[in-house]
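What follows is each chain in one-letter form.
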Amino acid sequence: MRATLMYGAGDVRVETVPDARLIEPTDALVRVTRACICGSDLWPYRKMPPGETGRRMGHEFIGVVEAVGREVRTVRRGDLVVAPFVWSDGTCVFCKAGLQTSCLHGGGWGSPDVDGGQGEAVRVPQADGTLVALPVGRDDVLMPSLLTLSDVMGTGHHAALAARVEPGKIVAVVGDGAVGLCGVIAARRLGAERIIMLGRHADRVTLAREFGATDIVSERGDEAIERVRELTHDLGAHSVLECVGYEESMRTALGIARAGGAVGRVGVPQHESIPLAKETFFDNITIGGGPAPVRAYIEELLPDVLEGRIQPGRVFDRVTNLEGVPDGYRAMNDRESIKVMIEP
Ligand SMILES: [Zn+2]
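All values reported here derive from a predicted model rather than from experimental measurement. (Residues numbered from 1 in each chain as written. Predicted model: local features only at pLDDT ≥ 70, side-chain atom pairs only at ≥ 80, totals over all residues. Heavy atoms only, no water.)

(A) Representation of the coordination of the zinc ion in the model. Binding of the zinc ion to the protein goes through Asp89 (OD), Cys92 (SG), Cys95 (SG) and Cys103 (SG), at separations of 2.0 to 2.3 Å. Because the angles between the four donor atoms bound to the zinc ion fall within 93 to 123°, the donor set is best described as tetrahedral. Under the relative-accessibility criterion, Cys92 is labelled buried at 6%. (Donors = N, O, S within 2.8 Å, 3.2 Å for Na, K, Ca; no water. Tetrahedral: all angles 85-135°; square planar, octahedral: opposite > 155°, others 65-115°. Buried < 20%, exposed > 50% of the residue type's maximum accessible area, 1.4 Å probe, protein only.)

(B) Structural detail: the nonpolar core. Of all hydrophobic cores here, the largest spans 53 residues; its most connected members are Leu146 and Leu241. Sort the elements by how many residues they give to this core and helix α6 (residues 178-189) lands first, with eight residues. Apart from the residues within four sequence positions on either side, Leu241 is in contact with Gly156, Ala159, Ala160, Ala163, Val165, Val171, Ala172, Val173, Val174, Gly183 and Gly264. In terms of nonpolar packing, the next biggest core, distinct from the first, is built from 31 residues, Val72, Trp109, Ala127 and Leu131 among them. (Core = buried A, V, L, I, M, F, W, Y, C linked by side-chain atoms within 4.5 Å. Helix = DSSP H or I, 4+ residues; strand = E, 2+ residues; numbered from the N terminus. Contact = heavy atoms within 4.5 Å.)

(C) Highlighting the sheet that holds strand β2 (residues 11-16). Taking strand neighbours across the sheet as the criterion, the three strands line up as β2-β1-β4 in an open arrangement whose pairing is antiparallel. Edge strands, defined here as strands with exactly one partner in the open sheet, are β2 and β4 (55-56). In the sheet, strand β1 (residues 2-8) pairs with β2 via six bridges, with the strands oriented antiparallel. Paired with Arg2 across the two strands is Thr16, which belongs to β2. Of the strands in this sheet, β1 and β2 are in contact with helix α12 (residues 325-333), which crosses β2 at around 160°. (Pairing = 2+ DSSP bridges. Axes fitted to C-alpha atoms, helices over the stretch in contact; angles between N-to-C directions.)

(D) Focus on the sheet that holds strand β12 (residues 194-198). Strand order in the open sheet made by the six strands is β13-β12-β11-β14-β15-β16, with parallel pairing throughout. Sheet topology places β13 (215-217) and β16 (286-289) at the edges, where each strand pairs with a single neighbour. Taken pair by pair, the neighbouring strands of this sheet meet at an average axis angle of 20°, ignoring direction. Its contacts with the sheet place helix α9 (residues 247-255) against β11 (170-174), β12, β14 (237-242), β15 (257-265) and β16, and it is angled at close to 145° to β15.

(E) Summary view of the side chain of Thr148. On the secondary structure map, Thr148 appears in the loop between α4 (143-147) and α5 (152-162). Ignoring any residue separated from it by four or fewer positions in sequence, one finds Thr148 in contact with Met153, Gly154, Pro312, Gly313, Val315 and Phe316.

(F) Up close: the packing of α6 against helix α7 (residues 202-211). Interaxial distance between α6 and α7 falls to 9 Å at its minimum, and their mutual angle equals 15°. As summarised for this structure, α6 and α7 are arranged roughly parallel, according to the angle between their axes. As for the relative orientation of α6 and α7, their crossing is right-handed in sense. Counting all contacts with α6, which are made through Leu181, Val184, Ile185 and Arg188, the residues of α7 involved are Arg204, Leu207, Ala208, Glu210 and Phe211. By residue class, the composition of the contact of α6 with α7 is six nonpolar, no polar and three charged. (Parallel < 35°, antiparallel > 145°, perpendicular 65-115°, else oblique. Left-handed = near helix turned anticlockwise from the far one by under 90°. Nonpolar A, V, L, I, M, F, W, Y, C, P; charged D, E, K, R; others polar.)

Put into structure tokens, the structure is as follows:
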């Protein structure tokens, strides 16, 4: 079968690999019908040292179950399923607490023996704990929005929860990528009174407004902090969603949080330490967040997608087949595209 591998920064190839297959009795074999490229895939695209053996890529996908191991109970052949960006058993102490990203028997896609989502098929370990069956046909018009439940919409929701978004709160979102835009959807869904989006690209800002952003701040760094302070009577935002992962964006997020407020960080940190330790200490600012346990959020967000109350699939502004994936990475890295959907 064909699948995507990364051999180093800027070096993405689509190659023939061994066919995905069942190994454990708890596995499912899923034929991928939709996948996508993630903002977090761009970190290795920028930094990965060149190597002889490629890394299998992709952790967001929807597909049709082709076969299941003898111990699988919750999905069967023919089901359309969505997979979260990590696999998990659904039964350990962390899964039961709704923190499937810390599953004691779970793991990530693309590790040895587990395929990546950016390919024709995937071996899904712990199928019962991982997969969620979708009550629609495989080419339903809702497919782009359903695909966001594997990562970006759940991650935006996690940022909003970690930032303690509630009705009446002033929310700020740092980062105008797909996760930040989904963070706007999540903040509105949770009842935020004002949503300040920090972003500057015209197409992203337009989408943010349609998703519910009430104010746009296009400045950066200290000027952005100053502008948000002006918009909030010098108090800052109650809830700040940090959806980038750079030290500079974290500094901005902490700088615009009001005393007693909370920052929910979901951008994978590219820095070693969290800035403004003293300032955030004296302002009693809570810093929360981490990788989103999207498996826990799929059931919560699914009805809103199925009934059209939220349309996170609008973050996809480009569609490609498998052979076009390398150019999809380039387009997202050059910020030509917000997020690329793959139809293998
Ligand atoms: Zn678990």
